[in-house]
Amino acid sequence: MKVIISAPLGHFQRPGNPGEPSTYPIITPTAVEGIINAVYWHPGQSVQVKSISILNPIAYTTETVTQLNHQTGDPWLRTYELLVEPKYLVDFWLECDAEVDCDKRIGQLVRRLLSGQHYYQPSMGISDYPATVELLPKNAISPVPIDIKEMGLGRMPHYWTWKSTSKPVKKTFARRTTAMLADRPLERVTGEAVMFEAKIINGVVTVPAYPRRGEGGYAN
């Protein structure tokens, strides 16, 4: 299925610069997974992204916020690099365990997307920036991506090797007053992000194929 994800602002943090967080130029596949799980989650399914089309020009701004140091509790200022009016067409599917009725799960997800329901508010990377998620009808013409012939994005998170141990934590809107770890929607066991070399070709990022569930520690 295809969805259009948009928000006034967004942030998808690049690793390696925790002091003054910078963002990837576009949404990451792992962030897409989090958004879809916010709408509908089931332990026997995983979100697998096929492609991400960029619908609005890539533009940046910054925002300085006061946060609390998660170790000492002391306030500190952080300046976030943000994306302005990010908007994407995401092509994805649900991969289900053998014992799961995938048609039923897809139907439930579609109903929630059409009605605007969600388990908790989807966000564009950080809970400060609520995201709108719209289902593209099957017979609809896909929006045309922006004209970026070729642009390397570097190494980007593809999927996590950790496994969710509980339902996504239902969150209310909150400013960034805690460490970034607290924004993760799922309780996790030990694991890490598997990366891929992302590249925009004609306004679209094609995401590599995912391993089969259960192989190589792959869980979500």
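Details of the structure are given in the entry above.
Procedures and definitions
Residues numbered from 1 in each chain as written. Predicted model: local features only at pLDDT ≥ 70, side-chain atom pairs only at ≥ 80, totals over all residues. Heavy atoms only, no water. Pairing = 2+ DSSP bridges. Helix = DSSP H or I, 4+ residues; strand = E, 2+ residues; numbered from the N terminus. Axes fitted to C-alpha atoms, helices over the stretch in contact; angles between N-to-C directions. Contact = heavy atoms within 4.5 Å. Disulfide = S-S within 2.5 Å. Buried < 20%, exposed > 50% of the residue type's maximum accessible area, 1.4 Å probe, protein only. Expected span 1.5 Å × (residues − 1). Arc of directions from axis to C-beta. Polar contact = N/O pair within 3.5 Å; in protein donor to acceptor, adjacent residues only side chain to side chain.

Draft legend 1. Examining the sheet that holds strand β3 (residues 45-54) more closely. Taken in spatial order, the seven strands line up as β7-β1-β6-β3-β10-β9-β8 in an open sheet, and their pairing is antiparallel. Edge positions in the open sheet fall to β7 (132-135) and β8 (150-160), since each of these has one partner strand only. Strand-to-strand twist in this sheet, taken as the mean axis angle between neighbours without regard to direction, amounts to 30°. Two strands pair when backbone bridges link them, and β3 and strand β10 (residues 204-206) are joined in this way by three bridges, in the antiparallel orientation. Its bridge partner being in β10, serine 51 is matched across the sheet by threonine 206. Strand contacts of helix α1 (residues 29-39): β1 (2-6), β3, β6 (87-96), β7, β8 and β9 (193-201), with the helix running at about 50° to β8, the strand carrying the most contacts.

Draft legend 2. Region of the structure containing the state of the cysteines. A complete count under the given rule lists one disulfide for this structure. The side chain of cysteine 96 participates in a disulfide bridge whose partner is cysteine 102; the two sulfur atoms lie 2.2 Å from each other. Judged by the sign of its S-S torsion, about 65°, the bond between cysteine 96 and cysteine 102 is right-handed. Here cysteine 96 falls in the buried class, since its relative accessible area comes to 16%.

Draft legend 3. Summary view of helix α2 (residues 102-115). Compared with an ideal rise of 1.5 Å per residue, which puts 14 residues at 20 Å, α2 spans 20 Å between its outermost C-alpha atoms and is within 8% of the ideal. Buried within α2 are the following residues: Arg105, Leu109, Arg112 and Leu113. Seen along its axis, α2 keeps its buried residues to an arc of 100°; they face one direction. Exposed residues pointing more than 90 degrees away from the buried face of α2 are listed as Asp103 and Leu114. Its buried side turned inward, α2 meets β1, α1, β3, β6 and β7. Regarding α2, its N-cap is aspartate 101, as a side-chain oxygen of that residue lies 3.3 Å from the backbone nitrogen of aspartate 103 further along. Just past α2, the residue glycine 116 takes up positive phi, approximately 80°.

Draft legend 4. Examining the pairing of β6 more closely. Counting buried positions along β6 yields seven of 10 residues, so the element is predominantly enclosed. As paired strands, β1 and β6 are joined by five bridges and run antiparallel to one another. Residue pairing for β6: valine 3 is matched across the bridge by valine 90. Across nine bridges, β3 lies against β6 in antiparallel orientation. Looking at the pairing, serine 46 lines up with glutamate 95 of β6.

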